[in-house]
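Here is what each chain is made of, one letter per residue.
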Amino acid sequence: MHYPSNHANPRRLHRFHGGLHLPDNKSQSTGTPIQPANLPPRLILPLQQHIGAIARPLVSIGEGVLKGQMIAAAQGTISAPVHAPSSGVITDIREHAVPHASGLQGMCIIIDTDGRDQWCELPEPIADVRSMTPETLRQRIRDAGIVGMGGAAFPTSIKVTPGSTQPIKTLIINGAECEPYITCDDMLMRERADRVATGTAILRQLVEADECLIGIEDNKPEAVTAMTRAVEEIGLDRTEVVTIPTLYPSGGEKQLIMVLTGREVPSKSIPAQIGILCHNAGTAAAVADAVLEGKPLISRYLTLTGQGIANPRNLEVLIGTPVSELIKQAGGYTKAASRLIVGGPMMGYTLQDDGVPITKPSNCLLVAGAAEAPAPGPASPCIRCGQCAAVCPANLLPQQMYWHARAKDLEKVQEYNLFDCIECGCCSHVCPSHIPLVQYYRFAKNESWAQEQEKIKSDHARIRFEARTARLARMEAEKKARLRKKKAVLKKKPTKAGSTVDPKKAAIQAALKRAAEKKAKQAEEGVLPGNTEQLSEPQKRQIEQADSRRSDNRQTSVETETQDG
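Since we're looking at a predicted model, the values are computed, not measured. (Residues numbered from 1 in each chain as written. Predicted model: local features only at pLDDT ≥ 70, side-chain atom pairs only at ≥ 80, totals over all residues. Heavy atoms only, no water.)

**Thoughts on the sheet that holds strand β2 (residues 42–46)**
Step number 1: In spatial order, the strands read β2-β8-β7-β4; together these four strands make up an open sheet with antiparallel pairing. The sheet is open, and its two borders are formed by β2 and β4 (64–65), each paired with just one other strand.
Step number 2: Across five bridges, β2 lies against strand β8 (residues 105–113) in antiparallel orientation. From the neighbouring strand, Ile 44 faces β8, where its bridge partner is Ile 110. (Pairing = 2+ DSSP bridges. Helix = DSSP H or I, 4+ residues; strand = E, 2+ residues; numbered from the N terminus.)

Structural data, given as structure tokens:
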């Protein structure tokens with residue numbers, strides 16, 4: 001692809017509220033080029049590595065699979081498929097430990113690799129991307145299972161579907177990578193800048209953005225140089241590589257938008273609602289691989305670093321590789337190892353088991369020493385110093401949020417814009433009382449979500465009950481109406497002119513008259529009733545008694561009618 005080049009003037013930068021200057025500790029893992037990780041004997045693939053509905057398995061135990069083969073399909077609109085990172089045999093589909101802050105297990109497909117690493121037949125590469133329709137490109141991205149690789153893991157095919165009311169004016173590629181220790185995006189932009197730039201062009205074509213900004217912190221000069229060169233070589237017009245000051249968390253979506261454009265994303269809104277869309281540099285590279293080569297997302301760059309690991313580095317790892325296998329390839333644990341963290345020291349979470357697999361949003365394994373991740377001291381009462389509010393990049397009031405979250409006053413804490421908190425950890429980092437503020441906010445969010453789900457279920461049950469009650473009442477009313485109508489018809493049934501005889505009685509008398517006439521006629525003809533030739537004396541007496549009763553009944557009926565007349 002080639003686009004006419006256009007060099008813009010240097011961009012005026014802005015500043016978001018708060019933030020921290022932290023030791024970046026990035027040089028430990030950038031000293032060696034990225035290498036592919038060894039093929040592990042077993043791959044563990046969680047069915048949910050994304051925001052949205054869990055993927056549906058397409059394979060069964062004992063089935064052989066090839067590299068790149070889809071083994072779990074997306075369910076629903078917001079979901080993403082899962083592909084086999086290597087060839088092998090499905091040995092199990094069961095619950096297994098997954099990398100999550102809760103420590104809970106998730107449903108996984110387990111593959112024993114065969115060592116051949118044999119590819120399946122991939123979709124045809126798309127040579128002329130600009131001739132493809134947006135629908136074709138979005139479907140290719142969806143089928144490749146691409147999700148946001150900056151941590152959120154939102155399905156990319158949904159994110160590049162612009163809304164009908166607000167066009168996208170600015171596409172931002174997030175290469176800030178602001179958290180300490182993490183360098184996988186830095187190394188990706190250094191070594192595969194052309195692929196990141198190509199993916200950027202595809203994303204921009206999909207959303208029809210007027211301009212594109214690639215934001216990179218100034219502590220990554222090699223990445224800035226490589227991306228600038230790649231943009232110029234591809235000839236991306238109205239695209240600028242912008243060097244921004246190093247300040248944590250400038251890589252946060254809303255914070256990066258503020259720095260680059262000076263625009264603030266309103267509370268409870270998303271960037272697309274103000275015409276801006278953000279994607280991670282790793283996501284852009286994955287989009288290019290899927291479109292140009294038909295490759296699904298089965299591997300990613302990963303940082304292994306910290307004092308507790310022998311050889312810090314970046315590796316290209318297969319999704320589903322157990323953490324323990326990667327630790328071995330990086331030289332194993334050192335004596336200083338005290339804590340294993342997925343992600344960085346600010347927003348990452350501790351792993352209790354290194355048997356969990358790497359997933360699509362995993363970007364770093366930090367094996368921290370005691371000095372790098374010291375245990376927080378015991379929490380003391382809040383002294384109302386206000387430092388948490390001073391460093392909050394979302395310009396919130398952490399102290400008030402803490403009080404209401406601690407009191408479990410969820411409605412009140414939401415009034416302080418709880419869900420605008422990005423859980424960056426700045427407030428906890430500076431708190432002199434060592435209060436785990438972010439933990440309180442996470443608790444309040446989870447409880448609020450749980451209550452919302454309960455309310456939805458309760459409302460649904462109430463609506464169903466009310467609908468059933470109304471339906472039963474309607475059916476009862478209809479039944480009564482039918483009965484009233486039937487009675488009204490019977491009452492209004494006309495009789496002969498001048499007659500006051502009851503129709504039912506008249507029908508009975510007519511039937512009796514017909515029976516008598518028939519019997520008389522048979523007697524005249526000498527025809528006897530059937531089975532009366534050889535009756536016994538008791539039978540004859542019974543017949544005589546019956547005839548006598550019928551005669552008496554007729555006489556009584558005639559007398560009654562005479563008296564009524």
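**Some points on the domain arrangement of the protein chain**
Step number 1: One can read the domain layout of the protein chain as domain 1 (1–27 + 127–295) and domain 2 (381–491).
Step number 2: Using C-alpha coordinates to define each centre, domain 1 is positioned 34 Å away from domain 2.
Step number 3: Facing twelve residues of domain 1, the contacting portion of domain 2 comprises 14 residues.
Step number 4: When the two sides are added together, the surface that domain 1 and domain 2 hide from each other amounts to roughly 980 Å², 57% of it contributed by carbon and sulfur.
Step number 5: If you sort the residues of domain 1 by the area they bury against domain 2, His 17, Leu 20 and Gln 255 come out on top, with a joint share of 46%.
Step number 6: Across the contact surface, domain 1 and domain 2 share one salt bridge.
Step number 7: Across the contact surface, domain 1 and domain 2 share seven residue pairs in polar contact (both at pLDDT 80 or more). (Domains from an automatic or database assignment. Contact = heavy atoms within 4.5 Å. Buried area = accessible area lost by both parts, 1.4 Å probe. Salt bridge = Lys/Arg side-chain N within 4 Å of Asp/Glu carboxyl O. Polar contact = N/O pair within 3.5 Å; in protein donor to acceptor, adjacent residues only side chain to side chain.)

**Structural notes on the pattern of salt bridges**
Step number 1: Applying the stated criterion across every chain yields a total of 25 salt bridges.
Step number 2: In this structure, the salt-bridge partner of Lys 169 is Asp 210, at a minimum N-O distance of 3.9 Å. With Lys 169 in the loop between α2 (156–159) and β9 (170–174) and Asp 210 in the loop between α4 (193–207) and β10 (211–217), this pair connects stretches of sequence that are 41 residues apart.
Step number 3: Its salt-bridge partner being Arg 462, residue Glu 466 comes within 3.6 Å of it at the nearest N-O pair. Linking Glu 466 with Arg 462, this pair stays in helix α13 (residues 437–491), spanning four residues, or about one helical turn.
Step number 4: Using a relative accessible area of 42% as the deciding quantity, one classes Glu 466 as partly exposed.
Step number 5: By sharing partners, the salt bridges in this structure join Arg 192, Arg 195, Asp 289, Glu 293 and Lys 295 into a single network. (Buried < 20%, exposed > 50% of the residue type's maximum accessible area, 1.4 Å probe, protein only.)

**Focus: the packing of aromatic side chains**
Step number 1: With the rule as written, the count across this model stands at three aromatic pairs.
Step number 2: Aromatic pair Tyr 402 and Tyr 440: ring centres 5.0 Å apart, planes at 80 degrees, arrangement edge-to-face. Of the two residues, Tyr 402 is situated in helix α10 (residues 398–406) and Tyr 440 in helix α13; the sequence distance between them amounts to 38 residues.
Step number 3: The exposure class of Tyr 402 is buried, given its relative accessible area of 3%.
Step number 4: Under the relative-accessibility criterion, Tyr 440 is labelled partly exposed at 25%.
Step number 5: Judged by centre distance (5.4 Å) and plane angle (45 degrees), the rings of Phe 419 and Trp 449 are tilted. (Phe/Tyr/Trp six-rings, centres within 6.5 Å; stacked < 30°, edge-to-face > 60°.)

**Topic: the sheet that holds strand β5 (residues 70–73)**
In a beta sheet, neighbouring strands pair by backbone hydrogen bonds and run either parallel or antiparallel.
Step number 1: Taken together, three strands build an open sheet; the order of strands is β3-β5-β6 and the sheet is antiparallel. Two strands bound the open sheet, and with one partner strand each, they are β3 (56–57) and β6 (82–83).
Step number 2: Bridging between β5 and β6 involves two bridges; their strand directions are antiparallel. Within β6, the residue paired with Ala 72 across the bridge is Val 82.

**Re α4**
Step number 1: Look at α4: 21 Å from first C-alpha to last across 15 residues, which is about the 21 Å you get at 1.5 Å a residue.
Step number 2: Of all the 15 residues making up α4, 14 are buried; the element is thus mostly covered by neighbouring parts of the structure. (Expected span 1.5 Å × (residues − 1).)

**Some remarks on the packing of α4 against helix α5 (residues 221–234)**
Two quantities define a packed helix pair, namely the angle between the axes and the distance from one axis to the other.
Step number 1: Running from amino to carboxyl end, α4 crosses α5 at an angle of 55 degrees, the nearest separation of the two axes being 8 Å. Accordingly, the angle class assigned to the pair α4 and α5 is oblique. When the axes of α4 and α5 are compared, the crossing they make is right-handed. Note on element contacts: α5 touches α4 through Ala 226, Met 227, Ala 230, Val 231 and Ile 234, opposite Ala 193, Asp 194, Val 196, Ala 197 and Thr 198.
Step number 2: Among the residues forming the contact of α4 with α5, the class breakdown is eight nonpolar, one polar and one charged. (Axes fitted to C-alpha atoms, helices over the stretch in contact; angles between N-to-C directions. Parallel < 35°, antiparallel > 145°, perpendicular 65-115°, else oblique. Left-handed = near helix turned anticlockwise from the far one by under 90°. Nonpolar A, V, L, I, M, F, W, Y, C, P; charged D, E, K, R; others polar.)

**Let's talk about the nonpolar core**
Step number 1: Ranked by internal contacts, the top residues of the largest apolar core, which has 54 residues, are Ile 146, Ile 214, Ile 216 and Met 227.
Step number 2: Contributing elements (two or more residues each) for this core: α1 (134–143), β9, α3 (184–191), α4, β10, α5, α7 (281–293) and β17 (364–369).
Step number 3: If one sorts the elements of this core by residue count, α4 sits on top with eight residues.
Step number 4: Once residues within four sequence positions are removed from consideration, Ile 216 is found in contact with Gly 175, Ala 176, Met 189, Ala 223, Val 224, Met 227, Val 241, Val 242, Thr 243 and Ile 244. (Core = buried A, V, L, I, M, F, W, Y, C linked by side-chain atoms within 4.5 Å.)

**Looking at the side chain of Asp 185**
Step number 1: Structurally, Asp 185 is set in helix α3.
Step number 2: Buried charge without a salt bridge: Asp 185, with Arg 300 as the nearest opposite-charge side chain at an N-O distance of 4.7 Å.
Step number 3: The residues contacting Asp 185, other than those within four sequence positions of it, are Glu 177, Asn 280 and Gly 282. (Lys, Arg positive; Asp, Glu negative; His and termini not counted.)

**A short note on the side chain of His 83**
Step number 1: Its place among the elements puts His 83 in strand β6.
Step number 2: At a separation of 2.9 Å, a polar atom in the side chain of His 83 contacts the main-chain carbonyl oxygen of Asp 143.

**Digging into α7**
Step number 1: If you check α7, its first and last C-alpha atoms are 18 Å apart, about what 13 residues at 1.5 Å a residue would give, namely 18 Å.
Step number 2: Among all positions of α7, only Ala 281, Gly 282, Thr 283, Ala 284, Ala 285, Ala 286, Val 287, Ala 288, Asp 289, Ala 290 and Val 291 are buried.
Step number 3: Of the surrounding elements, those touching the buried residues of α7 are α1, α2, β9, α3, α4 and β12 (276–280).
Step number 4: For α7, the N-terminal capping position is held by Asn 280, with its side-chain oxygen 2.6 Å away from the main-chain nitrogen of Gly 282.
Step number 5: Just downstream of α7 lies Gly 294, where phi reads positive at about 75 degrees.

**Notes on the environment of Gly 52**
Step number 1: Tracing the backbone shows Gly 52 in the loop between β2 and β3.
Step number 2: Note: C-alpha distance between Gly 52 and Arg 514 (462 residues apart in sequence) is 82 Å.

**What about the environment of Ile 182?**
Step number 1: Residue position: Ile 182 is located in the loop between β9 and α3.
Step number 2: Ile 182 sits in the buried class, given a relative accessible area of 4%.
Step number 3: Along the backbone, Ile 182 and Leu 302 are 120 residues apart, and their C-alpha atoms lie at a distance of 8.5 Å.
Step number 4: Setting aside its immediate chain neighbours within four residues, Ile 182 contacts Lys 26, Glu 177, Thr 303, Gly 343, Gly 344, Asn 363 and Cys 364.

**Here's the deal with the confidence of the model for the protein chain**
Step number 1: On average, residues of the protein chain carry a pLDDT of 90, and 93% of them reach 70 or more.
Step number 2: With pLDDT under 50 throughout, residues 1–8 is counted as low confidence; its partners more than four residues away or in other chains account for 28 contacts. (pLDDT = per-residue confidence, 0-100.)

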